[in-house]
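Residues per chain are reported as follows:
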Amino acid sequence: MAKKQKPNRPKARLPRGFGDRQSAEIRATNQMVEKIREVYERYGFDPIETPFLEFTDAMGKFLPDTDRPNAGVFSLQDEDDQWMSLRYDLTAPLARHVAQNFNQIQMPYRTYRQGWVFRNEKPGPGRFRQFMQFDADSVGAPGVQADAEMCMMMADTMEALGIKRGDYVIRVNNRKVLDGVLEAIGVTDEAQKLTVLRAIDKLDKFGVEGVKLLLGAGREDESGDRTEGAGLDEGQVLKILALLAMTISFKSGPGTIQTWKTPKELGWIEGDEEESVSNALYQLATLQSYCKDNGYPSDCIKIDFSCVRGLEYYTGMVYEAELTFDVTNEKGQKVQFGSVGGGGRYDGLVSRFTGQPVPATGFSIGVSRLMTALTNLGKLDDAEMPGPVVVCVMDKDVESLAEYQKMVQELRDVGIRAEMYQGNPKNFGKQLQYADKRNSPAAIIQGSDERARKVVQIKDLVAGKKAAAAIKDNETWKAERPGQFEVALGEGKSRFVKLIEEIKKLIKVN
RNA sequence: GCCGCCUUAGCUCAGUUGGUUAGAGCGCUAGAAUGUGGAUCUAGAGGUCCCCUGUUCAAUUCAGGGAGGCGGUACCA
C-alpha cells in the first residue's frame, strides 16, 4: 500500500530576524516607550511621525549600478518603476520631512519619533531585521549646548528606564579630532583612514591589543576568521593608542584643557595644527563642562576618543550610550552586545535636499535592543498581568447565561477585566483550570443551588493556591474548596453591588 | 559575506559501531472524579529523526550538496 500522500502545506515559519511579539513583551515595550516619551516631552520635544516607506533616493540608498537597491534595505518598485524602501532609521525620513516643509517649520525644530525600522542584513544577538527606535532631534540648533542637551537627555532616559548611573556610560567624541590627528600622523589615504577609524571603534570590544592588531597587520577571531588590518607602522599605531588613552577635562571654566596635548605639543607635526582640531577639542571640553555643571560627571558623560559611530553622515560631535555590565543570552552565554543608542551632529543631511546648510543634532535609542538586554538581565518588568475574572457557566439555559453575562458586564462597567467562560461548559473543572491558566484573580460560580438561595460563590484563586499547598489528597482538596467563599446577592437592579465590592477587595489584596 | 557549532515528539534532550516496533522528562487529551484549579494514579494522541542526491541488501545513522538556528567576525545609516 502506498504511503498516504500528505497535502503540500506551507510551513509555518518566519523570515530570519523577524519575530512575533507576545502580550507580555508588548506591554513591556509600551511601558518602556512611555518612560522614554516622558523624558523627551519634559525636555520640550514634540512628536511627529513619518511613514514606513520612503523613496529610496530620499533615504540616500541610491545605487544606480544594481537592479535592486537591496544592500541593507528592503526595497520594492512602485507601478511607475520608482524604487521605494522600508525606512532603515528615523533620521533620514526626518531630514526629508524638514526639507519638504522647510518654510513652515519653526527652527530650532525639536521633535521626537518612535517606530519600527527595517534592515536587510544578518541578525545577531539583540539585532533584528525589524526593530524599534526612539529618536529625538534638534534641527537648526548649531551650538554645542544642543549636543550637550542630547547627551544629558540620553542619560536621563537610561535612568528613567531603570538603568542606574554607573551601569551605563554616554561616550562623546568629536570626529574632527580624529580626522586632524590622523592627518598629523600621516594617514591621508581615504580608504586607510576608514579602516583606522573602524579599528578605533573596536576598542571597547577587543581592547588595546585587538585594536593594535587591527591597526597593524590584522586580527583573527575565535572562529579563525581573519580581518585585514590598516597596515600602519608601529610609530603610527603607538601614536593612535596614545591618543585613545588621553582624556581632556576642565578644571576652572572654559578655556583650559588640562590633560590633552595637541599633536604639535606631542611633536607629531612641525607647524600649527588645523584650526578644526582645536575647535573640536574646545567643543568637547565645553560640552563636558556643561554636563558637569548640571550634575553629569565625566564618568557618566565621558569624552572618549575611541567613539567613532557612523562614518557616512556625522559631521562633528558623536555620542553613544553603552551598558557597562555583561549581557548574557537565555543560554547563559556572554554576548557582545554593542551600544543601545547613539547619535551625533549631522549638519549635511537636510542640505542634501535643499542645498542650504542646516545644522542638526540628535540621537536614537534602540528600544528593541535595549529591551533584549533588560530582559536577559531580568531588569524588565515582565510579570504576567492578572487575567480576567472568569464567570463560570454552570447552567446552560438562556436565562442563566444572560445572568452570567450581566455579572460580567457589571464588572467591566467598574473597570474590572472580566469574561464569561466561552469554551465547552460541559466539564466544570475545565473552567477553573482555564481561569487558573489565565492567571485570573477570581472565578465566580453560580449553579442552580446558589441561584435558589440568591447567592454566588467567589473563588479567590490566588489565596486558594496558597491555602491548598498543604493539602495532599484530592478528597480534602475538593471538600475544603480553598479560597472559596459565599456572597449574598441583593435584589433587582443593584443585586450585584455586594459581589462587585468583594471582587474589588480581592483584586486589591492580590 | 566569511568562520565555527548545531538541527530527533508541542518544548528540553537521549539514542542508533548502518538492521525489523526511535525513547525519556515536561506539556497536551481523556479517565479515576458528570459541581470545584493543585498533587496523585491510569490510559492515549503526537515523528518525513531538517531537505535533496549518492553509497549500501538496508540510511535517522555514512558521504556530498542545500536550508534553517545559534554564536563569532565583516559591514552597519
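Right above here is the structure, for reference.
Our subject in this report is the structure included herewith. What you see is a predicted model, and the numbers here were worked out from it, not measured in a lab.

This part covers helix H14 (residues 461-468). Among the residues of H14, Leu461, Gly464 and Ala468 are the ones counted as buried. Projected down its long axis, H14 shows its buried positions confined to an angular sector of 55°, all on one face. Its side-chain oxygen placed 3.1 Å from the backbone nitrogen of Val462, Asp460 serves as the N-cap of H14.

In this section: the nonpolar core. Ranked by internal contacts, the top residues of the largest apolar core, which has 81 residues, are Tyr40, Ile170, Ile301 and Leu370. The element best represented in this core is helix H3 (residues 144-160), accounting for nine residues. Not counting the four nearest positions on each side in its chain, Ile170 is found in contact with Cys151, Met154, Ala155, Cys300, Ile301, Lys302, Tyr319, Glu320 and Ala321. Residues Cys392, Met407, Ile444 and Val456 belong to the second largest nonpolar core, which totals 29 residues.

One open sheet accounts for eight strands, arranged S1-S5-S6-S15-S14-S11-S7-S10; its pairing is mixed. The open sheet has two edge strands, strand S1 (46-47) and strand S10 (301-303), and neither has a second partner. Relative to strand S5 (residues 109-118), S1 is paired through two bridges, and the arrangement is parallel. Its bridge partner lying in S5, Pro47 is registered against Tyr112. Set on the sheet, helix H4 (residues 175-184) makes contact with strand S7 (168-174) and strand S11 (317-323); between it and S7 the angle comes to about 50°.

Here we come to the pairing of strand S19 (residues 455-460). Here S19 lies mainly inside the structure; six of its six residues are buried. Relative to S19, strand S18 (residues 442-445) runs antiparallel, the two sharing four bridges. Within S19, the residue paired with Ala443 across the bridge is Lys459. In the sheet, S19 pairs with strand S20 (residues 484-488) via five bridges, with the strands oriented antiparallel. Among the inter-strand pairings, Val455 is bridged to a residue of S20, identified as Ala488.

Checked against the element boundaries, Glu149 lands in helix H3. Take Glu149: its relative accessible area is 17%, and that puts it in the buried class. Residues Glu149 and Gly362, 213 residues apart in the sequence, show an inter-C-alpha distance of 9.6 Å. Other than its neighbours up to four places away in sequence, Glu149 contacts Tyr43, Phe45, Arg110 and Ser138.

Turning to the pattern of salt bridges, a few remarks are in order. One pass over the structure, following the stated rule, counts 24 salt bridges. Note that Glu149 is salt-bridged to Arg110, the shortest N-O span being 2.8 Å. Here Glu149, found in helix H3, pairs with Arg110, found in strand S5; they are 39 residues apart in sequence, far enough to count as distant. Between Arg451 and Glu399 there is a salt bridge, with its nearest N and O atoms 3.7 Å apart. Of this pair, Arg451 sits in helix H13 (residues 448-452) while Glu399 sits in helix H11 (residues 398-413), placing them 52 residues apart in sequence. A single network of salt bridges, built from pairs that share partners, joins Arg171, Asp304, Arg309, Glu320 and Glu322.

Let's shift gears to the sheet that holds strand S3 (residues 75-77). Spatially, S2-S4-S3 is the arrangement adopted by the three strands of the open sheet, whose pairing is antiparallel. Every interior strand has two partners, whereas the edge strands, strand S2 (53-55) and S3, have only one. Ignoring which end each strand starts from, the neighbouring axes of this sheet average 35° apart. Pairing of S3 with strand S4 (residues 83-86), which is carried by three bridges, proceeds in the antiparallel orientation. Within S4, the position partnered with Leu76 by the bridge is Met84.

Time to look at the state of the cysteines. Using the criterion set out here, one finds zero disulfides in the structure. Between Cys151, a free cysteine, and Cys291, which holds the nearest cysteine sulfur, the sulfur-to-sulfur gap is 5.5 Å. We classify Cys151 as buried; its relative accessible area is 0%. On the accessibility criterion, Cys291 (0% relative accessible area) is buried.

Another aspect to go through is the protein's contact with RNA strand B. For RNA strand B, the set of nearby residues contains 55 residues, the closest of which are Arg127, Ser223, Glu450, Ile471 and Asn474. Backbone atoms, meaning sugar and phosphate, form 47% of the atoms of RNA strand B found within 4 Å of the protein. A distance of 2.5 Å separates a base oxygen of RNA strand B from a polar atom in the side chain of Lys122. In this structure, Asn474 approaches RNA strand B through a side-chain N or O atom, which is 2.4 Å from a base oxygen. Listed by contribution, the elements that provide at least two residues to the surface near RNA strand B are helix H6 (203-215), helix H12 (428-437), H13, S19, H14 and helix H15 (474-480). Counting residues per element, the surface near RNA strand B draws most heavily on H12, at seven residues. Its residues assigned to classes, the surface near RNA strand B shows 15 nonpolar, 13 polar and 27 charged.

Rules used in this analysis
- The numbers attached to residues start from 1 for each chain and follow its sequence in the written order.
- Chains carry letters from A onward and ligands carry numbers from 1 onward, assigned in written order.
- Local features in this predicted model are restricted to residues of pLDDT 70 or higher, and side-chain atom pairs are both shown and tallied only at a pLDDT of 80 or more, whereas totals for entire chains, interfaces and linings draw on every residue.
- Values reported for side chains reflect all heavy atoms of the structure, with hydrogen atoms and water molecules removed beforehand.
- For the exposure calls, accessible area comes from a 1.4 Å probe over protein chains only, and a residue counts as buried if that area is under 20% of its type's maximum, exposed if over 50%, partly exposed in between.
- Each helix corresponds to a stretch of at least 4 residues labelled H or I by DSSP, and each strand to a stretch of at least 2 residues labelled E; elements are numbered beginning at the N terminus.
- The arc in question is formed by the directions pointing from the helix axis toward the C-beta atoms.
- Contacts described as polar in this section are N or O atom pairs within 3.5 Å, which, within protein, must combine one atom able to donate a hydrogen with one able to accept it, while residues neighboring in sequence count only if both atoms come from side chains.
- What makes a nonpolar core is a set of buried Ala, Val, Leu, Ile, Met, Phe, Trp, Tyr and Cys residues whose side-chain atoms join them at distances within 4.5 Å.
- Pairs of residues are marked as contacts when any of their non-hydrogen atoms sit within 4.5 Å.
- Strands are treated as partners if at least two bridges between them are detected by DSSP.
- Fitted lines through C-alpha atoms give the axes, limited to the stretch in contact for helices. The angle between two N-to-C directions lies from 0 to 180 degrees.
- Take a side-chain nitrogen of Lys or Arg and a carboxyl oxygen of Asp or Glu: if they are within 4 Å of each other, that pair is a salt bridge.
- Only a pair of cysteine sulfur atoms within 2.5 Å qualifies as a disulfide here.
- Proximity is defined per residue: any heavy atom of the residue falling within 4 Å of a molecule or strand makes that residue near it.
- Residue polarity is assigned by list, with Asp, Glu, Lys and Arg as charged and Ala, Val, Leu, Ile, Met, Phe, Trp, Tyr, Cys and Pro as nonpolar; anything else, Gly included, falls into the polar class.

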